[in-house]
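# Structural overview for review
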Amino acid sequence: GIVNDCRERYQYSVDVMAAKGCLNEAQNLDPENSDAQSLIAEIEMRLAQAEEAERRQKEFDDNVERGRELFYKAKNLFLAKKYQDAITAFSNHLNSNRPDPDRFRPKSERGIAALESKIKNEKGGYMSQARKLLESGNHRDAIGKALQAQRVDPNDYEIANFLESTRRELNSQMSKIFMDA
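Predicted model only: the values in this text are computed from it and were never measured. (Residues numbered from 1 in each chain as written. Predicted model: local features only at pLDDT ≥ 70, side-chain atom pairs only at ≥ 80, totals over all residues. Heavy atoms only, no water.)

## Quick notes on helix 5 (residues 105-135)
Its 31 residues place the ends of helix 5 45 Å apart at the C-alpha level, agreeing with the 45 Å of an ideal helix rising 1.5 Å per residue. Looking only at helix 5, the buried set comprises S108, G111, I112, L115, I119, K123, M127 and A130. At its buried positions, helix 5 is contacted by helix 3 (34-79), helix 4 (83-95), helix 6 (139-152) and helix 7 (157-180). Just past helix 5, the residue G137 takes up positive phi, approximately 90°. (Helix = DSSP H or I, 4+ residues; strand = E, 2+ residues; numbered from the N terminus. Expected span 1.5 Å × (residues − 1). Buried < 20%, exposed > 50% of the residue type's maximum accessible area, 1.4 Å probe, protein only. Contact = heavy atoms within 4.5 Å.)

Printed below as a string of structure tokens:
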């Protein structure tokens with residue numbers, strides 16, 4: 001009958017209005033037709049499931065996009081040579097637990113490792129030069145090189161200690177010069 005034809009036509013559909021239109025004649029003949037009501041309920045359930053699946057997919061896509069944004073922010077900081085900020089941003093990306101279909105996590109890990117190595121090498125080079133300058137009695141230039149090292153890694157307490165002791169030593173020498181004059 002009509003209900004079976006409509007069931008066949010709308011068995012995979014989520015179009016409630018079209019199914020009701022198809023079932024209209026059957027419901028006019030029998031307003032309490034349980035088969036017609038059952039078919040409408042099935043279609044409404046499929047519609048709700050489809051909407052929920054779409055909502056979940058949108059949420060997933062939004063999370064993926066936020067993860068991409070975190071990665072690209074880190075990459076841009078890296079390219080701008082803001083190394084400490086880039087390390088923080090790469091770490092934020094790794095710790096975000098966002099879905100990663102683009103496989104950016106390994107790139108963030110490599111980015112952190114590369115930056116830490118770069119910072120260590122640059123800082124080490126500047127501090128080596130600073131120590132040599134200090135040994136030769138050139139306090140002012142030693143401080144300049146140590147300040148360059150500190151710009152590379154502003155959180156290194158050894159650089160801060162070096163700067164403090166070198167400045168004290170320079171001030172002490174300057175005081176002697178002025179006292180002797």
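## Overview of the environment of R55
Along the chain, R55 falls in helix 3. For R55, a relative accessible area of 42% puts it in the partly exposed group. Polar side-chain contacts of R55 include one of 2.9 Å to the side chain of E59. (Polar contact = N/O pair within 3.5 Å; in protein donor to acceptor, adjacent residues only side chain to side chain.)

## Overview of the state of the cysteines
Counted by the stated rule, this structure contains one disulfide. Here C6 engages in a disulfide with C22; their sulfurs sit 1.9 Å apart. Around the S-S axis, the bridge from C6 to C22 shows a dihedral of about -95° and counts as left-handed. With C6 in helix 1 (residues 2-10) and C22 in helix 2 (residues 16-29), the pair connects residues that are 16 residues apart, well separated along the chain. The pair C6 / C22 is uniform in exposure class, with both members buried. (Disulfide = S-S within 2.5 Å.)

## Some thoughts on a nonpolar patch on the surface
Residues M174, I177 and F178 make up a contiguous nonpolar surface patch of about 340 Å² in total accessible area. Mapping I177 onto the fold places it in helix 7. (Patch = residues over 30% accessible without salt bridge, like charges linked within 9 Å, V, L, I, M, F, W, Y side chains within 5 Å. Areas by Shrake-Rupley, 256 points an atom, 1.4 Å probe, with all protein chains shown as cover. Salt bridge = Lys/Arg side-chain N within 4 Å of Asp/Glu carboxyl O.)

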